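Survey of secondary and tertiary structure
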Amino acid sequence: MTVFSELRMRPATAGRWAWDASTTARLVMAGVVIFTLLVGANLATPLYPLLQASLGIGSFGITVAFSAYVLALVSTLLLAGHWSDHIGRRAALLLAVVVGLAGGLIFANADNLAMLSAGRALQGIAVALATGASSAALRELLPARPDWASRFTLLASAGGVAAGPAIGGILSLLPGPTSTPYYLHSLVLIAMLVPLCLLKARPAISSVAGPQPLKVLAPRRPSVSSEARGAFWLASAVGFLSFAVFGFCLSLAPGYFAQIVDADSRPLIGVLAGLTLGASALSQLLAVRGRFVAPAGLAVLAVSVLLIAAAAAWSSPWLLIAASLAAGVGQGVSFRTVFNDVAGKVEASRHAQIISTVYVITYLGSALPVIGLGLATAAYGLQAAVAGFVVICALLAFVLAAVTTTQAVRQAG
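Predicted model only: the values in this text are computed from it and were never measured.

1. Notes on the overall build of the protein
Along the protein, the regular secondary structure elements total 17 helices and zero strands. When burial is assessed residue by residue, the protein has 56% of its 413 residues classed as buried. Nonlocal contacts in the protein, meaning residues at least 24 apart in sequence, comprise 86% of its contacts between residues at least 6 apart.

2. Some thoughts on helix H2 (residues 23-41)
For an α-helix, the turn length of 3.6 residues means that residues three or four places apart are oriented alike. With 19 residues, H2 extends 28 Å from end C-alpha to end C-alpha; this agrees with the ideal 27 Å at 1.5 Å per step. Here H2 lies mainly inside the structure; 14 of its 19 residues are buried.

3. Points about the packing of helix H8 (residues 146-171) against helix H12 (residues 266-282)
Closest axis-to-axis distance for the H8/H12 pair is 7 Å, and the angle between their directions is 170 degrees. Classified by the angle their axes make, H8 and H12 are roughly antiparallel. Together, Leu 155, Ala 158, Gly 159, Val 161, Ala 162, Pro 165, Ala 166, Gly 169 and Ile 170 of H8 and Arg 266, Pro 267, Gly 270, Val 271, Ala 273, Gly 274, Leu 277, Gly 278, Ser 280, Ala 281 and Leu 282 of H12 make up the contact between the two elements. When the residues that make up the contact of H8 with H12 are grouped by side-chain class, the tally is 13 nonpolar, six polar and one charged.

4. A word on the pattern of salt bridges
Applying the stated criterion to the full structure yields one salt bridge. Glu 140 is the partner of Arg 89 in a salt bridge, and the nearest nitrogen-oxygen pair spans 2.4 Å. Taken together, the residues span a long stretch of sequence, with Arg 89 in helix H6 (residues 89-108) and Glu 140 in helix H7 (residues 113-141) at a distance of 51 residues. Residue Arg 89 is classed as buried on the basis of its relative accessible area, which comes to 10%.

5. Observations concerning the packing of H6 against helix H9 (residues 180-198)
At a minimum axis separation of 9 Å, H6 and H9 run at an interaxial angle of 160 degrees. With respect to each other, H6 and H9 are oriented roughly antiparallel. The handedness of the crossing between H6 and H9 comes out as left-handed. Contact residues: Arg 90, Leu 93, Leu 94, Val 97, Val 98, Gly 100, Leu 101, Gly 104, Leu 105, Phe 107 and Ala 108 in H6; Tyr 182, Tyr 183, Ser 186, Leu 189, Ile 190, Met 192, Leu 193, Leu 196 and Cys 197 in H9. Taken together, the residues that form the contact of H6 with H9 break down as 16 nonpolar, three polar and one charged.

6. Considerations on the nonpolar core
Ranked by internal contacts, the top residues of the largest apolar core, which has 112 residues, are Val 33, Leu 37, Val 127, Phe 248, Tyr 256, Phe 257 and Tyr 363. Sort the elements by how many residues they give to this core and helix H10 (residues 226-250) lands first, with 13 residues. If we skip the residues at most four places from it in the chain, Val 127 touches Ile 34, Leu 37, Leu 38, Ala 41, Tyr 69, Leu 73 and Tyr 363.

7. A few points about the confidence of the model for the protein
Of all residues in the protein, 86% have pLDDT values of 70 or greater, and the mean over the chain is 81. Averaged pLDDT values over the elements of the protein bottom out at 51 in helix H1 (residues 3-8) and peak at 93 in H9.

8. Side note on the packing of aromatic side chains
For the structure on display, the rule yields six aromatic pairs. Considering the side-chain rings of Phe 243 and Tyr 363, the 4.9 Å spacing of their centres and the 75 degrees angle between planes classify their relative orientation as edge-to-face. A residue pair is termed long-range when its members are at least 10 positions apart, and Phe 243 in helix H10 and Tyr 363 in helix H15 (residues 351-364) qualify at 120 residues. Neither residue differs from the other here; Phe 243 and Tyr 363 are each classed as buried. Chaining the aromatic ring pairs together yields one cluster made of Phe 243, Phe 246 and Tyr 363.

9. Some points on unusual backbone geometry
The phi angle at Ser 315 is positive, at roughly 50 degrees, despite the residue not being glycine. Residue placement: Ser 315 occurs in the loop between helix H13 (293-313) and helix H14 (317-345).

10. Here's the deal with H12
Across its 17 residues, H12 extends 23 Å between first and last C-alpha, which sits within 8% of the 24 Å expected from 1.5 Å per residue. Of all the bends found along H12, the most pronounced is centred on Leu 275 and spans about 50 degrees. Taken residue by residue, H12 has Pro 267, Ile 269, Gly 270, Leu 272, Ala 273, Gly 274, Leu 275, Thr 276, Leu 277, Ala 279, Ser 280 and Ala 281 as its buried positions.

11. Re a nonpolar patch on the surface
A cluster of nonpolar side chains, Val 303, Leu 306, Leu 307, Val 391, Leu 395 and Phe 398, forms an exposed patch at the surface whose accessible area comes to about 480 Å². Breaking the nonpolar patch down by element, the ones donating at least two residues are H13 and helix H17 (382-412). Residue position: Leu 395 is located in helix H17.

Rules behind the numbers
Residues numbered from 1 in each chain as written. Predicted model: local features only at pLDDT ≥ 70, side-chain atom pairs only at ≥ 80, totals over all residues. Heavy atoms only, no water. Helix = DSSP H or I, 4+ residues; strand = E, 2+ residues; numbered from the N terminus. Buried < 20%, exposed > 50% of the residue type's maximum accessible area, 1.4 Å probe, protein only. Contact = heavy atoms within 4.5 Å. Expected span 1.5 Å × (residues − 1). Axes fitted to C-alpha atoms, helices over the stretch in contact; angles between N-to-C directions. Parallel < 35°, antiparallel > 145°, perpendicular 65-115°, else oblique. Nonpolar A, V, L, I, M, F, W, Y, C, P; charged D, E, K, R; others polar. Salt bridge = Lys/Arg side-chain N within 4 Å of Asp/Glu carboxyl O. Left-handed = near helix turned anticlockwise from the far one by under 90°. Core = buried A, V, L, I, M, F, W, Y, C linked by side-chain atoms within 4.5 Å. pLDDT = per-residue confidence, 0-100. Phe/Tyr/Trp six-rings, centres within 6.5 Å; stacked < 30°, edge-to-face > 60°. Bend = angle between axes of the 7 residues up to and from the residue. Patch = residues over 30% accessible without salt bridge, like charges linked within 9 Å, V, L, I, M, F, W, Y side chains within 5 Å. Areas by Shrake-Rupley, 256 points an atom, 1.4 Å probe, with all protein chains shown as cover.

Here is the structure:
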């Protein structure tokens, strides 16, 4: 099928050659697309101090630009999270790459907060289009290994978010520190369009008949089956908390971490900002099982975020590193457990829609709390605002640990 026929949800004309890729190649492509888009969406993390200076915007301006990305992402998940079920996974991923390419180029040439926010918003739309499509594609390609499908989904997602700040910091050492990283990333996206265009697409999981097939792309009210409802809300709550911590790491944390390590090296700050997410990504490779994995992970997350604030009070870079890594591992194993639970209970025909809805609530965690943190920083200063933020995050993590512990005890009984 051609991309245009997929987008129109019409049968393709016969005779066109297409690359009938192996399952392994399709797995790699599904993971690489979301990974690369998330790298591009987070290249800016170590660049924010430079952008503040060059554009004359404060901490609240940075939270506005960051939140433009998240709010656009969430809105698109609500409006178009089900699209890949109808147009096909390949078409949704290719569309995401094109939109991400446009967003990166606008961001690279931004000379005011409005352009900065517009570029970030397009990047958010791109990530949203790819989120449900890649997750659903991985599950379809690994029907007998749903646990590994979830692991690959979270590995690619958290890995991309973690790698973005580190890569952005390194590339910012080149001439044009706020634009060169995005130009290079754009070249990678252009290269990815080639195999996506040549790929022989598989039929959409929900075929459409009738004269007006585009009606199925209209926004839908989120709904979850009764069997998956409890797992859905638990995964959403853990995701919201997780991304509140991630949102802090990717927005105001660079300045906060720079004070702790007493350094302004952009590569170093980028690595520190990505530590928690990198540890979360790598934790997907850990074979940790048991009823109490989720509550244990949430308890580790709670203690670790408190230690991040303690690292500032004690001016301890090593405690910061250890706490960031532990927070990532705790978040990674707990979120994987609850995410895999809801993914396994959702029917295949609605997988992209429901997983996109989980991510709607999850990504709100990296927008709403971060906006509040930005306002608190303006009112009380960075140190006091972060201290209050991590205490609230720790309390929520302990509450969720208690909830998952209660569930585990009931299952054991």
